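Okay, here's what each chain looks like letter by letter:
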Amino acid sequence: MSIELITLLYFVCLFVGLFLGLPVALGLGGTAVIFAAIFEPRSLLAIPSAFYYTPWNQVLVTIPLFLFMGSLIRFSGIAEAAYDAVYKIVGHIPGGLAMGTVKVCTIFAAITGITPPATITMGQIAYPSMLKYRYRREIAIGSIGAGGALGALIPPSVPFIFYGLLAKVSIGGLFLGGLLPGLMLAAFYIIYIGIRCKLQPSIGPAIPEDEKFSTRDKLHALLGIWPFLLLIFIVLGAIWGGIATPSEAAAFGAAGALCINIIYRRLTWKILRDSLETTVKLTGMGLWILIGANIYLNIFNSMGSQELVTSLVLGMPGGENGILIMMMLIILLLGMVMDDWAIIMLCTPLYIPIINELGIDKLWFGVLFIVNIQIAYLTPPFGFVLFWLKSVLPKDVSMGDVYRSVGPFIVLQVIGLILIYLFPQIATWLPSKLN
Amino acid sequence: ADAAEKYGKPDKVTEWVFQPCFDSSDAGWANGVVPWIEAVEKATEGSIKFKLQPSGAITSGSEAFSATSAGLLDVTACWASVYGGDMPEGMLAFGMAMGADNYRDAWAAMFGDPKYKIGDLVQKASNDRNLQWVGWSSQGPNAMFTKFPVHKYEDLAGKKMRAGGPQALFHEAVGGAPVAMGGGDIYTAVKLGTVDGTYWDTGGIDDMAFHEVIQYAIMPGWCPAQHQEIFLNLDKWKALNQWQRDRINDVFMSTYFETSRMHAVGVKDALKVLEKSGGTVINMSEDEVKRMRQLAIEKVWPKVAEKSELTAEGVKLWKEFLQDIGEL
Amino acid sequence: MKIWKLYEKSVNLIAELMGRIGWLLLLYCMFFGVVDVFLRYVLNSPSLWISTTVQVAMVFMACVGGVYAYNADAFVKLDLFYANFSPRKKALCDLVTVILTLAFLAVVIWKGMDAALLSVKMNQMTPTSVPIPVYPMKIFIPIAAVVMLLVVIKKIIQDIIILVTEKKTSPIHQ
Ligand code: NA
Ligand code: NA
C-alpha cells in the first residue's frame, strides 16, 4: 500500500470514529494503535510512553491551575458579580460584554504562553454571565473561542519559542512580531461584535433605556470588579515582574482565587468540592486528548508519512505563492489532530530549507505559521480550542452550536492572515524598529 | 550456522531508525549526528542506512534512551544530563564537573591511555542495558551565561541560575541558587529577571537566542568539555556481521576528533555572536579554574561516585588521570 | 442483574477514589507552586525537588483524572451527528467504535507493562539534581489503563442493556 493511501486512511479512520461518537482522546489513540499494529508493530512501544512524557511537560501544569482558578471564582459567584459590574459600566453598548470578554482574553494571552488556559477560564466565567444578560449563544461562544486562541500569538508564546529554536529566528523578534497581529485580530473581533450587535441588537442586547445606570452606580460597580482585577494583577505581575515562571504564576492565580474566596467569606465545602471535581475531570480529559494527539503524531512519523508532507509542498504548482499556500493548508489540516508544538516540530524542519531556498523572511513566515495554527484550532470539524470549549460549556451546547459560533471569527482570522501575507510589515515592523 | 559467512560487506542492507534526544536545531545535529551517520554509511559501504528523525517524532527526547534499549528506536544520541537517571555511568562520558580541560585529554582518559580506559566502564554499563555505545563527540564547554560578571566562583553565590541535574549540583556547591525550568522557559525567565542566568552548552547559546538576553559568558564554565554519546540497540549490534561491527568501531575515534573539532569552531562562532551583540566573554584565570576543580572534586564528584560501583571506579580513575597530568 | 449492579457500583467507587487522589494532586501543585516561588524569591534558596514532583503529580493526575472523567462521561465528543441519534443508535455506534478504545487500552496495558518492567530493571530515576524514581509512574500507567478498561466494560454492558430493553426507535423516544 502506498504511503499516500495509508495516510489518507489514517485520517479517514479517525474522522469516522469521531463522528460516530467516539471521544476525541480515544479516537486518536485507537486509530494510532490499529495503524501501528498493521504497519509498524514495534512503534506500539511509543504508546505507553506518551502517557509519561506528555504530562511531564512543565508548561501543562498551567491547565489544571487556571482551571481551578476559573472554577473557584465561578462557583463562588465572584465571576458573576464581576460581570454584573462590567455590565453596569459597558452594558449600554450593544455587545459590550462580548467585547469585554475579548479584551480579558487578550490580557490572559499576555499571561500564558499556550492557548487552553484563556479558553477554559473564560469559557467557565464569561459564558454563563453573557447568557444571563440574554446574549445569544453564538456571540458568547465565538468571542471566547477566538479570544482564547490569541494565547499563542500574543507574547509570551510557547509556539513562537519552539519555532524560533527550530528555524533559528530570534525569539524576542518573534514575540514582537506576534504582538501587532495579535492586537489586530483582537481589534477585529471587537469591531465585528460591535457592528453585528448594533445591527442585530438581539444578539448582544444593550441595557433597556429605562434601566440605565448613573455615573455613581458605575463608579460603585467598579468596586465589584476588584477581585477580578487583583487576580489578573497577581498573575501578570508575578510573570512580568520576574517573580515567577508561567507555571508558578498559574499556581499564584489558583491560590489567589482561593484566598479571595476566603476573604469574601464565600468559600464553602461545596464550592471547593465542585471546583476540585470540575478541574480534575477537565484536566484528565484534556491531558488524554494531548496524549492521544502525541501518539497520533508518533505513529504518523513511524509510518513515514512526513515524507508525504515534503513531497506535497514541493509538488505544488504556482511558484513561491503556491508553495506558501500549500504549506499553510498542511498546517491547517494537521492543526485538526495535532497540538501546536507537534505541528511546529513536524513542519518547521521540513519547511525551513524551502523557505531559505526561496529567500522568504523567516520571522514573517513564523508569524503566518502561528496565525495559521490559531485558525486550525478553531476550524471545524476538529480543533483544540473547539474541544476545550465544548468541554467547559454546559451539556446542552452541542458541537454544531460551537461550529456555528466560531464561523464569523474564522473569517476574521483568515482576513488577518491574508493581510499579514499581503503586508508583511504588520509582522516585521515592530521587530525591525526595536532591534 | 553462519560459520561459512564471509568477512566483508553483506548483501543485505540494514536500515535503522535514529532519533536523538534533541532536534535539528541543536549543534549536536549537524556537528555530531550527521557526520557520524555519513561516516558509518561510508565505512560499511552502504550496507547500513539511517532514517534520522528529530526528537519527539517517534517518542520524546526524555524517553529516547530507554526507547533505544527497548527496541522502539535503533539508535539515539543523547547527553547523560538527560539519560543519567537511566544510566548514571553516562556522566563519566558526559564530562565530570571541572573534569578534562579539552577533548584530547578526555579521549586520553576514556580510551587513549591503557592506564585508565574509563570508556570500558561506560560500555559495560551500556551492554547491561541492552545498548552498544557506538559514537562520541565533545561539544566544548558547558558554561555559565549571566547578567552579572563572574571572576571567581564566589561571585555565583546567591545567584539564581537555571540549572538542571549535574549543573544544579555544581551551582549548589558554589553557593548559588539553582532553579529548574523547561528549556523553552529560559529565554523569557532571563529576560524578565526570574533567573540571573543559565548554564548551557556554549555552542548552543546562539541557537537559543540567549545572546539577546544575557551579558556575560563565563569560560570554561562548570564542565570544560561536555560530551554527547550515540547508542545502538544491542540486538541490532549483534545482528550485524563482524566486518560491519569492525567498521563502526573504526569510525568511533575518527568521528570523535572530527566532530569535536567542528564543535570547537561552533563554540568560537557562538561566542563571536555574543560579543557582536554587545556581550562580554570572561575567561577565568588558571588559578581560579584549579580552585573550582578542587571544589567540584570535593563536593560534586562524590555524588556521581555514589550512584554505582562502576561510577565509583570511574570517578577514582578520573581523579588519578587529572593528578597524573598535573591539573590537581 | 445483582452482580451487574455490584460491578457498576464498584467501578464507580474506584473511579471516585481516583478522582479524590486527583484533588489532592491538584492541591499539591497549587500549594507547592506558590511555596517554590516563596523559597526562591523571598528566601533566595530555591528547592531542588518541587518542580520535579509537580511534574510527577501531573503524570499521576493524567492517569487518575482520565478514569474519573471518562466514568463521568466528561470525555469530549464531536456530537455533530451523534447528538441527534436515538438512544438505540447511540448504543449501537458505541459498540462499534469501542473496538478502537479496547485496542488502545489493550496496548497501553500490554506495552505499558513492558515499559514498567524495563523501568524497574533499569532503576530509572529522573535526571534532576534530586533524583526521583520514575518506575512508580511507569507502573501506574498500565494500572490506570486497567481501571479505564473496567469503566469501558461497564459502558459496554450499559449499551447492551439499552439495545435489549429499548424498543426499536419509536417517535416516543425522540
Ligand atoms: Na501568550
Ligand atoms: Na481545525
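See the structure above.
Described in the following lines is the structure provided in the data block. Just so it is clear, the model here is predicted, and its values are computed rather than measured.

**Regarding the overall build of chain A**
Along its length, chain A carries 21 helices and zero strands. Since a compact globule built from 435 residues should have a radius of gyration of about 22 Å, the 22 Å found for chain A is in line with a globular shape. For chain A, the spread of C-alpha atoms along the principal axes amounts to about 70 × 45 × 45 Å. Each of the 435 residues in chain A was classed as buried or not, and the buried ones make up 67%. Partitioning the intrachain contacts of chain A with sequence separation of at least 6 by distance along the chain shows that 80% fall at a separation of at least 24. Here chain A displays about 14200 Å² of accessible surface, and carbon together with sulfur accounts for 69% of that area. Averaging the locations of the 24 positively and 20 negatively charged side chains of chain A gives two centres separated by 9 Å.

**Structural notes on the layout of surface pockets**
Estimates place the volume of the largest pocket at around 1200 Å³. Looking at the largest pocket, it is lined by 44 residues, and the ones nearest its centre are Lys395(A), Ala72(C), Asp73(C), Ala74(C) and Phe75(C). Looking at the lining of the largest pocket, the elements that each hand over two or more residues are helix H4 (62–75), helix H7 (116–132), helix H14 (269–302) and helix H19 (384–392) of chain A together with helix H2 (50–71), helix H3 (87–122) and helix H4 (135–165) of chain C. Of the residues belonging to the lining of the largest pocket, the class tally is 22 nonpolar, nine polar and 13 charged.

**Describing the interface of chain A and chain B**
Contacts between the two partners involve 35 residues from chain A, matched on the other side by 35 residues from chain B. Summing both partners gives a buried area of about 2700 Å² for chain A against chain B, and 55% of it is carried by carbon and sulfur. Where chain A meets chain B, there are one salt bridge. Across the salt bridge formed by Arg42(A) and Asp74(B), the nearest N and O atoms sit 2.7 Å from each other. Between chain A and chain B we count ten residue pairs in polar contact (both at pLDDT 80 or more) in total.

**Description of the coordination of the sodium ion (ligand 2)**
Residues and elements named next belong to chain A. Surrounding the sodium ion (ligand 2) are the protein donor atoms Ala376 (O), Thr379 (O), Thr379 (OG1) and Phe382 (O), at 2.1 to 2.6 Å. Within one chain, the residues donating to the sodium ion (ligand 2) are spaced in sequence as A-x2-T-x2-F. Here Ala376 falls in the buried class, since its relative accessible area comes to 0%.

**Side note on the packing of H19(A) against helix H20 (residues 399–422) of chain A**
Residues and elements named next belong to chain A. Close contact between H19 and H20 brings their axes to 10 Å; oriented N to C, the two are set at 125 degrees. Judged by the angle between their axes, H19 and H20 are oblique. Crossing geometry of H19 relative to H20 is assigned as right-handed. Residues Leu386, Leu389 and Lys390 of H19 form the contact with H20, whose participating residues are Met399, Val402, Tyr403 and Val406.

**With respect to the environment of Val147(C)**
The topology assignment puts Val147(C) in helix H4. Note: C-alpha distance between Val147(C) and Val64(C) (83 residues apart in sequence) is 9.3 Å.

**Here we look at the side chain of Arg129(B)**
When you line up the elements, Arg129(B) lands in the loop between helix H6 (118–128) and strand E4 (131–138). Setting aside anything within four residues of it in sequence, one finds Arg129(B) in contact with Phe65(B), Ser69(B), Asp86(B), Met87(B), Pro88(B), Glu89(B) and Met122(C).

**Re the side chain of Ser25(B)**
Structurally, Ser25(B) can be placed in the loop between strand E1 (14–18) and helix H1 (27–43). Using a relative accessible area of 10% as the deciding quantity, one classes Ser25(B) as buried. For Ser25(B), the side chain forms a polar contact with the side chain of Asp23(B), separated by 2.5 Å. Residue contacts for Ser25(B): discarding those within four places in its chain leaves Leu165(A), Leu166(A), Lys168(A) and Asp207(B).

**Points about the nonpolar core**
Membership of the largest hydrophobic core comes to 249 residues, with the highest contact counts inside it found for Tyr351(A), Phe365(A) and Phe369(A). The greatest single-element share of this core, amounting to 17 residues, is contributed by H14(A). Ignoring any residue separated from it by four or fewer positions in sequence, one finds Phe365(A) in contact with Tyr163(A), Leu324(A), Met327(A), Met328(A), Tyr351(A), Ile355(A) and Ile360(A). Ranked by size, the runner-up nonpolar core spans 99 residues in total, among them Ile58(B), Met87(B), Ala296(B) and Leu310(B).

**Remarks on unusual backbone geometry**
Residue Pro380(A) is joined to Pro381(A) through a cis peptide bond whose omega torsion reads 0 degrees. Here Pro381(A) shows up in the loop between helix H18 (362–378) and H19. A cis amide bond, omega 0 degrees, links Met219(B) with the succeeding residue Pro220(B). Examined against the element boundaries, Pro220(B) turns out to sit in strand E9 (residues 216–223). Phi is positive for Asp73(C), close to 60 degrees, though the residue is something other than glycine. You can see Asp73(C) is positioned in the loop between H2 and H3.

**A look at the interface of chain C and chain A**
Facing the 57 residues of chain C at the interface are 64 residues of chain A. When chain C packs against chain A, the two sides together hide about 5600 Å² of surface, and 82% of this comes from carbon and sulfur. It is Val76(C), Leu78(C) and Phe104(C) in chain C that bury the most area against chain A; as a group they hold 15% of the surface buried on that side. Linking chain C with chain A are one salt bridge. Between Arg40(C) and Glu248(A) there is a salt bridge, with the nearest N and O atoms lying 2.7 Å from each other. If you look at where chain C meets chain A, you find six residue pairs in polar contact (both at pLDDT 80 or more). Within the residue set of the side of chain C that touches chain A, elements represented by two or more residues are helix H1 (2–42), H2, H3 and H4 of chain C. Looking at the side of chain C that touches chain A, the element that brings in the most residues is H2(C), giving 15 residues. Of the residues assigned to the side of chain C that touches chain A, the class counts are 38 nonpolar, twelve polar and seven charged.

Calculation rules
- Residues numbered from 1 in each chain as written.
- Chains lettered and ligands numbered in written order.
- Predicted model: local features only at pLDDT ≥ 70, side-chain atom pairs only at ≥ 80, totals over all residues.
- Heavy atoms only, no water.
- Helix = DSSP H or I, 4+ residues; strand = E, 2+ residues; numbered from the N terminus.
- Rg over C-alpha atoms; globule rule 2.2 N^0.38 Å.
- Buried < 20%, exposed > 50% of the residue type's maximum accessible area, 1.4 Å probe, protein only.
- Contact = heavy atoms within 4.5 Å.
- Areas by Shrake-Rupley, 256 points an atom, 1.4 Å probe, with all protein chains shown as cover.
- Lys, Arg positive; Asp, Glu negative; His and termini not counted.
- Charge placed at Lys NZ, Arg CZ, Asp CG, Glu CD.
- 1 Å grid on protein atoms, 1.4 Å probe; cavity = no way out; pocket = protein on both sides within 12 Å on 5 of 7 lines; lining within 4 Å.
- Points joined across faces, edges and corners; volume = space filled by probe spheres on them.
- Nonpolar A, V, L, I, M, F, W, Y, C, P; charged D, E, K, R; others polar.
- Buried area = accessible area lost by both parts, 1.4 Å probe.
- Salt bridge = Lys/Arg side-chain N within 4 Å of Asp/Glu carboxyl O.
- Polar contact = N/O pair within 3.5 Å; in protein donor to acceptor, adjacent residues only side chain to side chain.
- Donors = N, O, S within 2.8 Å, 3.2 Å for Na, K, Ca; no water.
- Axes fitted to C-alpha atoms, helices over the stretch in contact; angles between N-to-C directions.
- Parallel < 35°, antiparallel > 145°, perpendicular 65-115°, else oblique.
- Left-handed = near helix turned anticlockwise from the far one by under 90°.
- Core = buried A, V, L, I, M, F, W, Y, C linked by side-chain atoms within 4.5 Å.

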